[in-house]
Amino acid sequence: NQILQDLFDNLPMWDGVMETEWGRIALLILPIFEDELYSDPQKLVQVVIEALEMAGRLGAKTVSLTGLIPSATDYGCAIVKAVEGRNDLPKITTGHATTCSTVVLTIKKILQVSQRSLENEKVAFIGLGSIGISTLRLMLKCLPHPESIILCDVYSKQESLQHLQRELSDDLGFRGSLQIATSSSSSELPLEIYDATLIIGATNVPDILDIDRLKPGTLIVDDSGPHCFSPEQAIKRFEKHKDILFTEGGALHAPHPIKTVIYLPQSMKKNMDEDSWSDEFKPTNPHNIMGCALSSLLSSRFDDMAPTVGLVNVETCVQHYQGLERLGFQAADLHCEGYVLQVEPNQPPNSRN
């Protein structure tokens, strides 16, 4: 409570602004801790509305809900219901169409870096909520189909996985091997996952993927929050053996540099020494931007990338994917928690026996 009062005055805070070729993005921080998002949904909706009012005063046309905010607000539907009848607020979007497009671009990127083709991969999806399912559908729409797919939801949603299995075959034309891997434990993955050559993470269970059990040559694209594997162990194995590749799935590389200005309240500056200041604000690649943050600007500028609330459909994801490629966006370099993987050209990950 003291932190929220001293730093935020218990109000949303304008944290910074990003200048892009297509317009500006304001970054707003909500005065609520992550562990309160699900425990106090009414408070979350109220502070989001306050942030929407601030965004409107700043001139925003669309506001994207980043991180866990979409899932904690019924994918934005709870907010839409709470502001029904108000015409003075910006539109909102979960940003999920752009996020899923970013993950698929990252799949494309990690395959290019490793000099491999999706047609020859055995792909496992860990976590099949909104992001996981939409990413899978978009991948099958926009990229070549893999050799096989393993579906895994750590909460063992057997019936919904079987329905998804039929959809992939009947509606999306997947003709490869389809396997459902379930586990009775929410803290341990089934063994079949470690047979995969490409793993896509979209779960909220941390460290569930054991880095030491991965086969040499395994590729990981993770859009989980927190990460589904230990970044420290992954970095250690990469530096020692160079036999795996991994990356976060939500960051884009823009065709032009993005200028970012960050604001810090005076009370925070007073409590930070030079070392902590340097550690908190390390230089980053000026071309990088999170897909969920960019989504609000795209929806404001381009009619074919409309804002979305609720569960996103595959047609909307395709529009966002094609829009990103048209504008010259690619996935960011392979990275995790600020660590950038140094991969030499023409040196794919080792496949030790």
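In what follows, the accompanying structure is described. (Residues numbered from 1 in each chain as written. Predicted model: local features only at pLDDT ≥ 70, side-chain atom pairs only at ≥ 80, totals over all residues. Heavy atoms only, no water.)

1. Brief notes about the pairing of strand 1 (residues 13–20)
Of all 8 residues in strand 1, 6 are buried, a share of seventy percent or more. If you look at the hairpin formed by strand 1 and strand 2 (residues 23–29), you'll find 2 residues sitting between the two strands. Across 4 bridges, the pairing between strand 1 and strand 12 (residues 259–262) is antiparallel. Bridging across to strand 12, V17 finds its partner in V261. (Buried < 20%, exposed > 50% of the residue type's maximum accessible area, 1.4 Å probe, protein only. Helix = DSSP H or I, 4+ residues; strand = E, 2+ residues; numbered from the N terminus. Pairing = 2+ DSSP bridges.)

2. What about the nonpolar core?
Counting residues in hydrophobic clusters, the biggest one holds 81 residues, and the most contacted among them are L136, L209 and F246. Looking at this core, the element that brings in the most residues is helix 5 (residues 96–113), giving 8 residues. With sequence-adjacent residues up to four places away left out, L209 is seen in contact with I126, L189, I193, Y194, I199, L214, I220, C228 and F229. (Core = buried A, V, L, I, M, F, W, Y, C linked by side-chain atoms within 4.5 Å. Contact = heavy atoms within 4.5 Å.)

3. Considering the sheet that holds strand 14 (residues 330–331)
The strands making up a sheet associate through hydrogen bonds between their backbones, and the pairing can be parallel or antiparallel. Spatially, the 3 strands line up as an open sheet ordered 13-11-14, and their pairing is antiparallel. In this open sheet, the two strands that pair with only one neighbour each are strand 13 (288–290) and strand 14. In the sheet, strand 11 (residues 251–253) pairs with strand 14 via 2 bridges, with the strands oriented antiparallel. Paired with H253 across the two strands is Q330, which belongs to strand 14. Across the sheet, helix 11 (residues 291–301) touches strand 11 and strand 13, and the angle it forms with strand 13 is around 85°. (Axes fitted to C-alpha atoms, helices over the stretch in contact; angles between N-to-C directions.)

4. What to know about the side chain of T218
On the secondary structure map, T218 appears in the loop between strand 8 (198–201) and strand 9 (219–222). Side-chain polar atoms of T218 contact the backbone oxygen of K215, separated by 2.6 Å. Not counting residues up to four positions away in its chain, the partners in contact with T218 are A196, T197, I199, D243, I244 and L245. (Polar contact = N/O pair within 3.5 Å; in protein donor to acceptor, adjacent residues only side chain to side chain.)

5. Considering the pairing of strand 10 (residues 245–248)
Alternating positions in strand 10 separate into two faces, L245 and T247 on one and F246 and E248 on the other, with burial throughout. Taken together, the 4 bridges between strand 9 and strand 10 define a ladder with parallel strand orientation. Bridge pairing in strand 10 links I220 to F246. Handedness of the crossover joining strand 9 and strand 10 through helix 8 (residues 231–241) is recorded here as right-handed. (Right-handed = clockwise from strand over helix to strand, strands pointing away.)

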